Every structure is written in C-alpha cells, then in structure tokens.
Amino acid sequence: MTRLRLRRTMTAFVALVAVAAMGGCGGSGSDAGGDALDAPGAEVLEKATGKTTIEFWHSMKGANAQAVDQLVADFNAQSGGKVEVKAIFQGSYDETIAKYKASVQQKSTPALVQIYDIGTRFMVDSKQVVPVHKFVEKDAFNAADIEPNIASYYSIDGKLWSMPFNSSTPLLYLNKEAFERAGLDPTKPPRNLTEIGELAKKLTVKDASGKTVQYGFGAAIYGWLLEQLLATDGKEYCDHGNGRTGLASKVQFDQETAVGVAQWWTDLVKGGYATNTGRKTDDAQAAFKAGTVAMHLESTSVLRGYVDAAKGKFTVLTAPYPKVDSSSAGGPIIGGASLWIGGVGHSAQEKRAAWEFVKFASSPAAQAKWHTGTGYVPINAKALEEQIDKDWMAKFPQFRTAVDQLHALPPSVASAGCLLGVMPQARKASEDGLEAAIVGSKPAEQAMKDAAASVQSAIDSYNKSVG
C-alpha cells in the first residue's frame, strides 16, 4: 500500500500530546460510565434502553476493507439489536492517527479506532483510552490464546493496552520460475543478506542489448524493513529497552548492524543486481508482480494480492524473513495495527460496546475469516484450528510461512519493537539515511548517523511534553 506520511508540523504534534497528557481534552458532556478510563461490566448493555451505536475508525482498503465490513456486519447481526458498530474509513494509517489527534482537540474521539503499531506510544501517553487489560481483568477474559509475539508489542509491563487486529510479519517473496530458469532450487531460499546478495547476481538477467530485464532483488526503501532486520539480529531500535523500561531518548539505527544493512543494499544497487524503486511500496510491489524482480521483501499482508496478480504468469513462493548474517539469532517484529477503546467522553455503554466488538473480532472464528480474506496473521492461535483456515492453508501453503515464522522464536525485547512517541518521524528519518546511501549522496555510515541525529530534537520535544 502507498504510505502517505504525516504533513503536520512537529510543533503541532507535540502540542497535541501535551494537551492530551494534561487530561484537558476528550468528549463533551458528562461521562455516564463514571471514571472515564474504567472498564464497565456487561450489565450496562443489558440495562440500556435502545441500541448503543459506536463509530469504528479504520484504515483498511480494497479487499481488506471488504473483510472489515463483513466482520462488522457479522457482529451487528449477532448482537441482538443491542449494539451497532459503524465502520468508517479514515484513509491511510498516517491520516487516521492525524484525524484522531484532531478529534482529541475537538473533543470528539471515536469509541473504537484502529491505530498502526508505531502509534502505540502516543496512544498510551494521550490518556484518552481504556487499556484493554482492564476489560480482560473485568471479564476474566482468556487472553492466553492471543499470539505472544503479537501481544508483546502492544503490552507494557506485561499488560495489554490494545487488542491486536491486523497483524503482519515480513516475508521474503520469491519468483519460482525465475529461480528455475537460473538453475536454482526455489525450495532452498536464501537465509541471510549475504546469501540474497549471492543469488541476486545469478538471478539478474539482461537482454541482448545489455538492458536489465530482471533484477535479482528489489524492495521499497521502507524503514519498517530495516527495523525487522535489526530485530532479527537481536538489536534494539531505541534505548531504554526499546522504550519499555522508560521513555526512549534516542534511536539506534546508526549502529553497526544498520550501517551494514545500508551498505549491503547500496552495493547491490550499485552493482546492478537490485533495482531502486524508491520509497513507495506500491512501486516495489508492482515490480515484483510484473516479474521484473526475482526476490522481494514485503509484508505478509500483500500475499493474497500477489498470488492473485501473478496467476498465469509465475508462481509466488514465500520464505522466512532473512537474518542479517548466519550468526543472527533474533526474529522479526510484527507490523499492522491494533484496536483502541475510547475512554474520555464515552459512556459506559459505548465503552462496553467497543469491547464486545473487540472480543468478537479476536475470536477464533472471526480471525480465521480475517486471515483467509486478507493474508494477515491470525492474532488468535485457535483460528488455525477452524476448518476454513485449515482448508485455506492446504490450498495456499504460502500462507503458512508467516505463521511458522511467528511461532519460531519466543518474544524478546528486540522483537517487541520500539515504543517511541515520534516513531513515524523516526521511521522517515531512517528512510532518509537508507536512501542517501543507496543513491550515493553519502557514505552509508555517515548517512545513518545523520539520519539518527535528525530526529533527536523531535524525541526531546516529545519526551519533555509528557515527562
């Protein structure tokens, strides 16, 4: 998907955080649920007269939006007329969080909102939401079936703040026929960056005139991919335990591992074995779907679209996300987004209605439908036991790679991801560094060092506003 970045100024961003942190914003009128951030019991819906209607803001589009609409329709149908959820598309992840921040100032936040992974620190600091763990405790809800590697990202001090919803992991995508034409075995994919580099040379094809018609490797200059590689090497993206033992005070993508990734990528492009499609993920995806790239890094969330697009042209295979080198022992970070329940300005009925939908959306049956309809990894482990999911995995074994990868390693501080209030800006800065190295405007080490330094003032301003 195209990643539209926030164009709001840093000053406005920090001001919103500061206002939220002071508790000076939220919905208008009194809160019928008592404490704005409490977790009302199920009886509030039973006692309510009429139907409780809530808005659910989301960022899904295309087939994923259809899956959301079906999920909402299924929930509304089984709610017995007590609850109606209205799904409202708000644009990209960046656009949705920007609108949410504006709604905080306008005192009109939605009862339920889907926020991408890197918005987690802001959502916690906003003091606008009811932490999911309060509902888990209130209902004695069994959260053990939520995949540990997914739950760890959205947990602080072992307590879940939001419910994972559309969760993804990064994968290595392969063009099976391209491997076979090069005399390579597609069932033995590269396991680290060195091996990708070696195979990229063998998979690069030129025509009679010397023009490259197939590159061995290609991926978007996307900061998320760098974050994943750092995690597979067991390296933390930011300090203070990836922002989990205290507010992160600096990013660490100028460390040796990150510089090595930038240099590796630069060398492949310079040597003509990798194409540089820039930062737009749509462009990198298009190159792979067109068959002009043999190996490609992307999220599992695009797998369904890739299989459909390649039909009749080539076979899409998936492999685990590569390690930095053979000694790397970590695992990748999950991506995607989670569901946050509004507290300030919402009645007890609205908060409970939002939680009832969250429970429904995280159930095995709902997650099995979501997995097969989108390609996102099911956040509930028991979804894999549903017949619809078993049948789907038998038909498309490519979907199992992400699940197996998720189960391969226990959660760690590195794979939990960085909680940073200005993570969107940090990701963009890392892309600035990668791009500067890849296009040759700066040496890799200097490019990543400058990129890390460029986001320091934003980190300092954010931390001052919430400290």
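Novice: How do you make sense of the packing of helix H16 (residues 364-374) against helix H17 (residues 387-395) when you look at a structure like this?
Specialist: In a pair of packed helices, the angle between the axes and the distance between the axes together describe the arrangement. The geometry of H16 relative to H17 is characterised by a closest axis approach of 8 Å and an angle of 25° between their N-to-C directions. On the basis of their axis angle, the class for H16 and H17 is roughly parallel. In the crossing of H16 with H17, the sense of the turn from one axis to the other is left-handed. Of H17, the residues touching H16 (which contributes Ala368, Lys369, His371 and Thr372) are Ile388, Asp389, Trp392 and Met393.

Novice: What am I meant to see in the confidence of the model for the protein here?
Specialist: Parts of the prediction with low pLDDT should not have their coordinates interpreted in detail. This prediction gives the protein a mean pLDDT of 91; 93% of its residues lie at or above 70. Confidence drops under pLDDT 50 across residues 1-34; counting only partners more than four residues distant or on other chains, this segment forms 83 contacts.

Novice: Got a minute to help me understand the layout of surface pockets in this structure?
Specialist: The probe, sized like a water molecule, is rolled over the atoms to show the empty space still left. Empty space within the second largest pocket amounts to approximately 350 Å³. Along the walls of the second largest pocket sit 17 residues, with Lys61, Asn64, Ser301, Val302 and Gly305 positioned nearest its centre. For the lining of the second largest pocket, the secondary-structure elements that each account for two or more residues are helix H3 (63-78), helix H13 (281-289), helix H14 (303-310) and H16. Among the elements that take part in the lining of the second largest pocket, H14 stands out by supplying three residues, more than any other.

Novice: I tried to follow empty space enclosed by the protein on my own but got confused; where do I start?
Specialist: Inspection of the entire model under this criterion finds one cavity of 30 Å³ or more. By volume, the largest cavity is sized at about 50 Å³. Around the largest cavity sit Asp117, Ile118, Tyr153, Glu227, Tyr237, Asn242, Ile333, Gly417, Cys418, Met423 and Arg427, which together line it.

Novice: What is the right way to look at helix H22 (residues 456-466) in this model?
Specialist: Given 3.6 residues to a turn, an α-helix orients residues that are three or four positions apart in the same direction. Buried within H22 are the following residues: Ala458, Ile459, Tyr462, Asn463 and Ser465. One side of H22 carries all its buried residues, which in axial view fall inside an arc of 160°. Exposed side chains of H22 directed beyond 90 degrees from the buried face belong to Ser457 and Lys464.

Novice: Would you mind showing me how to read the nonpolar core here?
Specialist: The tendency in soluble globular proteins is for nonpolar side chains to be buried as a group. Counting residues in hydrophobic clusters, the biggest one holds 141 residues, and the most contacted among them are Phe217, Phe253, Met295 and Phe357. For this core, the leading source of residues is helix H12 (residues 256-271), giving eight residues. Excluding residues within four positions of it along the chain, methionine 295 makes contact with Leu172, Tyr173, Leu174, Phe179, Pro190, Ile196, Leu199, Ala200, Leu203, Gly216, Phe217 and Gly218.

Novice: Help me understand the pairing of strand S8 (residues 170-175) in this model?
Specialist: Walk down a regular strand and you will see the side chains alternate between the two sheet faces. For S8, the tally of buried residues reaches six of six residues, placing the bulk of the element in the interior. Burial along S8 is two-sided: the face carrying Pro170, Leu172 and Leu174 and the face carrying Leu171, Tyr173 and Asn175 are both buried. Inspection of the sheet shows S8 paired to strand S12 (residues 293-299) by five bridges, in the antiparallel sense. Among the inter-strand pairings, tyrosine 173 is bridged to a residue of S12, identified as histidine 296. Pairing between S8 and strand S13 (residues 316-320): five bridges, direction antiparallel.

Reading the values: rules and limits
Residues numbered from 1 in each chain as written. Predicted model: local features only at pLDDT ≥ 70, side-chain atom pairs only at ≥ 80, totals over all residues. Heavy atoms only, no water. Axes fitted to C-alpha atoms, helices over the stretch in contact; angles between N-to-C directions. Helix = DSSP H or I, 4+ residues; strand = E, 2+ residues; numbered from the N terminus. Parallel < 35°, antiparallel > 145°, perpendicular 65-115°, else oblique. Left-handed = near helix turned anticlockwise from the far one by under 90°. Contact = heavy atoms within 4.5 Å. pLDDT = per-residue confidence, 0-100. 1 Å grid on protein atoms, 1.4 Å probe; cavity = no way out; pocket = protein on both sides within 12 Å on 5 of 7 lines; lining within 4 Å. Points joined across faces, edges and corners; volume = space filled by probe spheres on them. Buried < 20%, exposed > 50% of the residue type's maximum accessible area, 1.4 Å probe, protein only. Arc of directions from axis to C-beta. Core = buried A, V, L, I, M, F, W, Y, C linked by side-chain atoms within 4.5 Å. Pairing = 2+ DSSP bridges.

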